[in-house]
Structures are given as structure tokens and as C-alpha cells.
Amino acid sequence: MSSYARRGVHGQTVEALARRILGGAIPEGATLDLVALQSELDVSLTALRESLKVLAAKGMVDARQKRGTFVRARADWNLLDADVLRWQFEGGRTTDADRALLHNLAEVRAIIEPAAVRLAAARRTDADLAALEGALTAMGEEDAGAAHAVEADLAFHRALLAATHNELLERMEMVIESGLAHRDRIVHSSPHSEDPVPAHRAVLDAVRDQDPLAAEAAMRALLDQAGRDLDRLGTTDENETEGSRAQ
């Protein structure tokens with residue numbers, strides 16, 4: 001998964017274009033007016049073309065003779081790319097597309113993480129346990145704020161994948177992390193979510209005991225709780241919207 005330098009004019013231009021495409025401001029199939037974009041973004045044509053190369057590498061745009069540079073169909077976008085996932089969720093919004101992608105992510109996690117935690121239970125080291133325990137301790141710190149809770153949860157799941165000692169599974173954090181971070185931000189900011197610590201503690205205990213079956217069961221319970229939190233949040237948002245319309 002190729003990344004890019006996020007700083008400076010180049011990084012800002014890449015992200016500005018990506019957010020417009022992912023948000024639908026520049027729709028699928030649209031041909032880009034490079035001269036207008038150059039003026040609007042106040043960048044050189046060279047900088048704009050270099051930024052489009054980044055998006056082309058991620059399957060979002062392409063160029064053809066006589067047609068110019070255009071936005072490819074969403075089916076061609078590399079949605080597993082960490083940058084694309086991050087761009088999808090940036091801006092603090094939670095659109096219908098975001099919510100659908102979060103549910104897709106939940107299905108991917110349900111396939112990957114129960115199997116991964118079985119390996120972690122069989123292969124974990126003392127260093128792995130220390131990393132998991134540290135993340136869980138941080139997760140349980142009260143009044144530390146939503147951002148702290150998000151990072152602690154990410155650290156826990158990162159440590160679980162690392163405990164598999166499978167190089168490819170460890171790389172799955174790039175797929176999971178951006179979506180999980182966004183899910184955590186909206187869930188941890190809600191007063192309606194369940195306490196995540198007991199479910200994570202159950203996973204850690206089973207990994208410590210080197211009990212793969214118990215670890216898998218605990219992870220499935222954790223993911224079920226995560227799904228309930230997301231569903232509950234969606235219901236709350238709908239109720240608040242209806243309430244606003246009624247006022």
C-alpha cells in the first residue's frame with residue numbers, strides 16, 4: 001500500500017482532491033478540469049499532476065488520451081489502502097457511506113480477528129502480554145478523554161495482531177486502524193456505549209492462559225459489543241434527527 005508525504009503543498013493537494021472525490025463533490029466518471037483546479041487550489045500544474053499520480057496509484061483517478069484525467073468508478077478504488085480509509089473518515093462527519101463502510105469493516109474484523117487471536121493465544125510472548133496489559137490499563141483510565149480511549153483501543157488491537165507473529169496479519173492493522181479509529185471516536189464520544197474494558201480483559205486473560213478457543217470466543221463477544229455500540233449510535237442519531245424535525 002503506497003503512501004505519500006502528508007506535509008506541504010503536495011500533501012495538502014492530495015488530501016483536498018481525495019476528500020472531494022470520496023465525498024462526492026467530484027463524482028465518479030467526472031473529467032477533471034486541471035486548469036480550474038490549479039487556480040482554485042493555488043498550486044502549480046506540476047504539483048497538481050504529482051498529486052494526481054498519488055490518487056492514480058490508489059485507483060481513484062486515471063488519464064486517457066482525448067478524455068483527460070477522470071475519476072474512476074468506486075469499484076476500482078483501493079478501499080483497503082490506509083490513506084483512502086483515513087480520507088473517507090476525515091472531517092468528523094458520519095455519512096451514510098461512512099456508516100456502510102464501518103459495517104463492512106465490522107464484517108472484515110469478524111473474519112480476521114477471531115482467527116488472529118487464536119494464533120496470538122498460541123504464540124504470545126511475555127513482551128506481547130506486557131503490550132496488551134499496557135493498552136488495557138490505558139483504556140481503563142477514567143476522565144482521560146475520548147482521544148486517549150481511541151489510541152488505547154488501537155494499541156490493544158495492534159498488539160493482538162503483533163502477538164500472532166505473522167507478518168501479513170500484522171500488516172492488517174493498516175486496513176483496520178483508520179476505520180476503527182473513526183468508529184472509536186464516535187462511539188467513545190457517546191454516553192450510550194458499553195464499557196469496553198471487561199470485554200478486552202476477557203480477551204487478554206484467554207491469551208495469557210494460552211487458550212485459543214476461549215480467546216476466539218472472547219473476541220467474538222467483544223466484536224458483538226462493538227456492533228451493538230455502532231447500531232445503538234445509529235438509532236440515537238435517527239431519533240435525534242426526528243426530534244429536531246419535530247421542533
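Residues numbered from 1 in each chain as written. Predicted model: local features only at pLDDT ≥ 70, side-chain atom pairs only at ≥ 80, totals over all residues. Heavy atoms only, no water.

Tell me about the pattern of salt bridges, and please be specific about residues and values.
Under the definition given, this model contains 19 salt bridges. As a salt-bridge pair, arginine 86 and glutamate 15 come within 3.1 Å of each other at their nearest N and O atoms. On the criterion of sequence distance, the pair formed by arginine 86 in helix 4 (residues 82-89) and glutamate 15 in helix 1 (residues 8-23) is long-range, its members being 71 residues apart. Of the two residues examined, arginine 86 and glutamate 15, each falls in the buried class. As a salt-bridge pair, glutamate 50 and lysine 53 come within 3.1 Å of each other at their nearest N and O atoms. Residue glutamate 50 and its partner lysine 53 are both found in helix 3 (residues 45-57); the two are separated by 3 residues, about one turn of the helix. On the basis of relative accessible area, glutamate 50 is assigned to the partly exposed category, the value being 37%. Relative accessible area serves as the criterion here: at 52%, lysine 53 is assigned to the exposed category. Each of Glu15, Arg19, Lys58, Asp81, Asp83 and Arg86 takes part in one network of salt bridges that share partners. (Salt bridge = Lys/Arg side-chain N within 4 Å of Asp/Glu carboxyl O. Helix = DSSP H or I, 4+ residues; strand = E, 2+ residues; numbered from the N terminus. Buried < 20%, exposed > 50% of the residue type's maximum accessible area, 1.4 Å probe, protein only.)

How would you sum up helix 2 (residues 34-41)? Please name residues and give values.
Residues Leu34, Leu37 and Leu41 constitute the buried set of helix 2. An end-on view of helix 2 places all buried positions within 60 degrees of arc, on one side of the element. Pointing more than 90 degrees away from the buried face of helix 2 are the exposed residues Val35, Ser39 and Glu40. Summarising the contacts, the buried residues of helix 2 are in contact with helix 1, helix 3 and strand 2 (68-71). The opening residue of helix 2 is aspartate 33, an N-cap whose side-chain oxygen sits 3.3 Å from the backbone nitrogen of valine 35. One or two residues past the end of helix 2 sits aspartate 42, with phi positive at roughly 60 degrees. (Arc of directions from axis to C-beta. Contact = heavy atoms within 4.5 Å. Polar contact = N/O pair within 3.5 Å; in protein donor to acceptor, adjacent residues only side chain to side chain.)

Can you lay out the layout of surface pockets for me, pointing to particular residues and giving the numbers?
Size it by volume and the second largest pocket reaches roughly 220 Å³. Around the second largest pocket sit 14 residues that line it, and Ala106, Leu223, Asp224, Ala226 and Gly227 are the ones nearest its centre. When contributions to the lining of the second largest pocket are tallied by element, the ones reaching two or more residues are helix 5 (96-123) and helix 11 (212-246). Top element by residues in the lining of the second largest pocket is helix 5. It accounts for 7 residues. Looking at the lining of the second largest pocket residue by residue, the classes come out as 8 nonpolar, 2 polar and 4 charged. (1 Å grid on protein atoms, 1.4 Å probe; cavity = no way out; pocket = protein on both sides within 12 Å on 5 of 7 lines; lining within 4 Å. Points joined across faces, edges and corners; volume = space filled by probe spheres on them. Nonpolar A, V, L, I, M, F, W, Y, C, P; charged D, E, K, R; others polar.)

Please give an account of the pairing of strand 1 (residues 61-64) that cites residues and values.
Residues in a regular strand project their side chains so that they alternate between the two faces of the sheet. Bridge analysis of strand 1 against strand 2 gives 4 bridges, and the strand direction is antiparallel. Within strand 2, the position partnered with valine 61 by the bridge is valine 71. What sits between strand 1 and strand 2 in their antiparallel hairpin is a turn of 3 residues, with lysine 66 showing a positive phi close to 75 degrees. (Pairing = 2+ DSSP bridges.)

Residues and numbers for the packing of aromatic side chains, please.
The relation between two aromatic rings is expressed through the spacing of the ring centres and the mutual angle of the planes. Going through the model one piece at a time under the given rule, you end up with 0 aromatic pairs. Arginine 67 extends its terminal NZ or CZ atom over the ring of phenylalanine 70, reaching a point 3.7 Å from the ring centre. (Phe/Tyr/Trp six-rings, centres within 6.5 Å; stacked < 30°, edge-to-face > 60°. Lys NZ or Arg CZ within 6 Å of the ring centre and 35° of its normal.)

Describe empty space enclosed by the protein, naming the residues involved and giving the relevant values.
Scanning the model with the defined rule gives 2 cavities of 30 Å³ or more in all. Forming the boundary of the largest cavity are Leu154, His157, Arg158, Leu161, Glu173, Ile176, Glu177 and Leu180. At the level of elements, helix 7 (146-163) and helix 9 (173-188) are the ones that each hand at least two residues to the lining of the largest cavity. For the lining of the largest cavity, a count of residues per class yields 4 nonpolar, 1 polar and 3 charged. Of the voids in this model, the second largest cavity is the one considered here, and its volume is about 40 Å³. What lines the second largest cavity is simply Glu113, Ala116, Val117, Leu160, Leu161, Thr164 and Met219.

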